[in-house]
Amino acid sequence: MTLEIRPLGAHPEHHEAAARMLMEAFADRSESWRTFEEATEEIADALDDEEVGGAWLALLDGRVAGWVGCWSRYAAVWELHPLAVAPWAQGRGVGTALVAHAEQAAREGGGCTLVLGSDDEVGTTSLYGLDLYPDPREALGTLVATERHPLGFYLSCGFVVCGVTPDANGPGKPDIHLCKRLFTPEPGALKPVPTR
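Residues numbered from 1 in each chain as written. Predicted model: local features only at pLDDT ≥ 70, side-chain atom pairs only at ≥ 80, totals over all residues. Heavy atoms only, no water.

To continue, consider the pattern of salt bridges. Within this structure, the stated rule accounts for six salt bridges. The shortest N-O distance in the salt bridge between E79 and R73 comes to 3.1 Å. When its relative accessible area of 23% is taken as the criterion, E79 is described as partly exposed. Residue classification places R73 among the partly exposed positions, given a relative accessible area of 39%. Notably, a salt bridge pairs D135 with R137, separated by 3.9 Å at the nearest N-O pair. (Salt bridge = Lys/Arg side-chain N within 4 Å of Asp/Glu carboxyl O. Buried < 20%, exposed > 50% of the residue type's maximum accessible area, 1.4 Å probe, protein only.)

What follows is the structure, encoded as structure tokens:
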């Protein structure tokens, strides 16, 4: 098995396959990228943003297995969006390699924190269908996900849950926010959070 990570923009011959793979990867868990036009628009958006980040393609034995985008959104915060791995390639290290590549790019670009949103549009977490108000933070304490939701994957990559946007995709369809520190602070440089 040969896994290669390459810049998406440098390989237009793979853009159609990447768009189709994006549709397939999210077909059963998102209302996004339902059409080939929507998926190709996401590829175009990723390529338009290359000045402030990048997008990378994963080829597994020469076949499009996944792709990731990573963008500087403000100051030292970079966003991972999207991350898609073909169903046939899941569990083979493709997603982990793409996340690691994006993290390195963010570090080299001055990033201190990498953030992402992981939607629940189809009932793959315990937060789906709930009224998360008046206290979304309390609701986060009950968060669990099924194997179909990528929460477990992101946690295994070192991300932590840092928030939620209720109703981000319609009533009862939240966006779960995750973040990861990209540097090791000097001992004593940061104060610990006070306990109550």
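Our next topic: the nonpolar core. Core analysis: the biggest nonpolar cluster contains 52 residues, and W67, L80, V94, L127 and F159 have the highest contact counts within it. Here this core takes seven residues from helix α1 (residues 15–26), the largest share from any one element. (Core = buried A, V, L, I, M, F, W, Y, C linked by side-chain atoms within 4.5 Å. Helix = DSSP H or I, 4+ residues; strand = E, 2+ residues; numbered from the N terminus.)

Bringing the packing of aromatic side chains into the picture now. Evaluation of the coordinates by the stated rule reveals three aromatic pairs. On the numbers, 4.9 Å between centres and 70 degrees between planes, the contact of F26 with W33 is edge-to-face. Considered together, F26 and W33 belong to a single accessibility category, that of buried residues. One aromatic cluster is present, formed by F153, Y154 and F159 through successive ring pairs. The ring of F36 has R20 lying over it, and the distance from NZ or CZ to the ring centre is 4.1 Å. Over the face of the ring belonging to W88 we find R63, whose NZ or CZ atom lies 3.9 Å from the ring centre. (Phe/Tyr/Trp six-rings, centres within 6.5 Å; stacked < 30°, edge-to-face > 60°. Lys NZ or Arg CZ within 6 Å of the ring centre and 35° of its normal.)

Right, let's talk about the pairing of strand β3 (residues 63–74) for a bit. The pairing of strand β2 (residues 53–60) with β3 spans eight bridges and is antiparallel. Among the inter-strand pairings, W56 is bridged to a residue of β3, identified as V68. The antiparallel pairing of β2 with β3 creates a hairpin that spans two residues between the two strands, and D61 there sits at a positive phi of about 50 degrees. Pairing of β3 with strand β4 (residues 77–85), which is carried by seven bridges, proceeds in the antiparallel orientation. By the bridge assignment for β4, Y74 is matched with V77. (Pairing = 2+ DSSP bridges.)

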